[in-house]
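# Residue-level structural notes
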Amino acid sequence: MTHPDHFLLAGVMGDPVMHSRSPKLHNYWLGKYGLTGTYVPLAIKAEHLRAALRALPALGFSGCNLTIPHKEAALAIVDKVDPLARRIGAVNCIVVAADGSLAGQNHDAFGYIESVREAQPKWRADAGPIAVIGAGGGARAVLVSLIDQGAREIRLVNRTLARGKALAGELGGPITALGWGEREAALEGAAMLVNATNQGMVGEPPLDLALDALPVSALVSDIIYIPRETALLAAARERGNPTVNGLGMLLHQARPAFHAWFGIMPEVTPQLRAMIEATT
Ligand SMILES: NC(=O)c1ccc[n+]([C@@H]2O[C@H](COP(=O)([O-])OP(=O)(O)OC[C@H]3O[C@@H](n4cnc5c(N)ncnc54)[C@H](OP(=O)(O)O)[C@@H]3O)[C@@H](O)[C@H]2O)c1
């Protein structure tokens, strides 16, 4: 869908926002599909989020992404929240409708599953128990995606057990919340391990988790993408486990947003991946 008489606009609102890879990603696709427009970083303070979002239709924006600290606050501002975003408890994409109303969506769950399938096309959520470490914002999207894909047993380990229990209660489904002391026992017989904590990302220590009890056939996934190979993924690879890093989640969550704004479902190609990897 091209609009020669209309300069296409979208962006990402955050504070801070300059670290975001989204402008590189969406501007690459705008160029690749021959669309005239741009995607900009928008440094928006929390107290200005409402005004900034409400300005999108008048400015001619098709929509925007949201990053820290706006994902939860936007739920109460937009005119419509889709059911998946409501369950995840966060909005990462705003779409401006023809009548100027704002729809809140969340594509992190889609991005997560697409990234796992890209790495392991035959992956199935119901192949066996899944151990998920972490109960923050990223974990919420991962858990919802795994439940929706038919996971039959999810062992949710979080440093703060009360937070894990609350999340298990809220999301329902086959989740059992476990304490930090049970994290290694939770790996026994697991078909998949997901790190959804911040442990292992640049500036943080590695995730404190011995993999001895994990079957070598288990898929090990880390949603961290800086560095591309965390200490957890390196340890898993060295003992023979298949691995998937967090970059695919980031790349794939952007596709339905681009589609919702500009009418084209873009592809994640090796060239795009290499371009983004060069910046991480
Ligand atoms: N690939 C992607 O597209 C994508 C998307 C979202 C997030 N992420 C990445 O995922 C990571 C987590 O992000 P988030 O937004 O979910 O963060 P968050 O909401 O702040 O949650 C942080 C999680 O890490 C746990 N944690 C923090 N310090 C810990 C420690 N010392 N030991 C054990 N657990 C600890 C927290 O446990 P408590 O509950 O006990 O505090 C919580 O479960 C970040 O690296 C982020 O970049 C990637």
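Residues numbered from 1 in each chain as written. Predicted model: local features only at pLDDT ≥ 70, side-chain atom pairs only at ≥ 80, totals over all residues. Heavy atoms only, no water.

Here we take up the packing of aromatic side chains. Following the criterion strictly, the structure yields five aromatic pairs and no others. Between Tyr-33 and Phe-258, the ring centres sit 6.2 Å apart and the planes meet at 50°, which makes this aromatic pair tilted. Here Tyr-33 is found in the loop between α1 (22-32) and β2 (37-43), whereas its partner Phe-258 is found in helix α8 (residues 247-262), with 225 residues between them in sequence. On the basis of an interplanar angle of 75° and a centroid distance of 5.0 Å, the ring pair of Phe-258 and Phe-262 is categorised as edge-to-face. Residue Phe-258 and its partner Phe-262 are located together in helix α8, separated by four residues, close to a single helical turn. Phe-262 shares its class with Phe-258; the two are buried. Three or more aromatic residues joined by ring pairs make a cluster, and in this case those are Trp-29, Tyr-33, Tyr-39, Phe-258, Trp-261 and Phe-262. (Phe/Tyr/Trp six-rings, centres within 6.5 Å; stacked < 30°, edge-to-face > 60°. Helix = DSSP H or I, 4+ residues; strand = E, 2+ residues; numbered from the N terminus. Buried < 20%, exposed > 50% of the residue type's maximum accessible area, 1.4 Å probe, protein only.)

We now examine the environment of Ala-190. Within the secondary structure, Ala-190 sits in the loop between β9 (175-178) and β10 (192-195). On the basis of relative accessible area, Ala-190 is assigned to the buried category, the value being 2%. Once the C-alpha coordinates of Ala-190 and Glu-153 are considered, the two residues, 37 residues apart in sequence, prove to be 9.4 Å apart. Sequence-distant contacts of Ala-190, defined by excluding residues within four places in its chain, comprise Pro-129, Arg-155, Leu-214, Pro-215 and Ala-218. (Contact = heavy atoms within 4.5 Å.)

With that settled, the discussion passes to the side chain of Ser-221. Among the secondary structure elements, Ser-221 is positioned in strand β11 (residues 219-222). For Ser-221, a relative accessible area of 1% gives the class buried. Engagement of the side chain of Ser-221 in a polar contact is seen with the side chain of Tyr-112, the distance being 2.7 Å. When near neighbours in sequence (up to four residues on either side) are disregarded, Ser-221 contacts Tyr-112, Met-192, Leu-193, Val-194, Asn-195, Leu-233 and Val-244. (Polar contact = N/O pair within 3.5 Å; in protein donor to acceptor, adjacent residues only side chain to side chain.)

Here we come to the side chain of Gln-253. Structurally, the position occupied by Gln-253 is in helix α8. Given a relative accessible area of 7%, Gln-253 falls into the buried group. In this structure the side chain of Gln-253 is engaged in a polar contact, spanning 3.3 Å, whose partner is the side chain of Asn-92. Apart from the residues lying within four places of it in its own chain, the contact partners of Gln-253 are Asn-65, Asn-92, His-107, Asp-108 and Gly-111.

Looking now at unusual backbone geometry. Generally, phi is negative for residues other than glycine and the peptide bonds are trans, each holding for most cases. Following Asp-15, the chain continues into Pro-16 via a peptide bond in cis, with omega recorded as 10°. Structurally, the position occupied by Pro-16 is in the loop between β1 (8-14) and α1. Between Ile-68 and the following residue, Pro-69, the backbone shows a cis peptide bond with an omega angle of 5°. Mapped onto the elements, Pro-69 comes out in the loop between β3 (63-66) and β4 (80-81).

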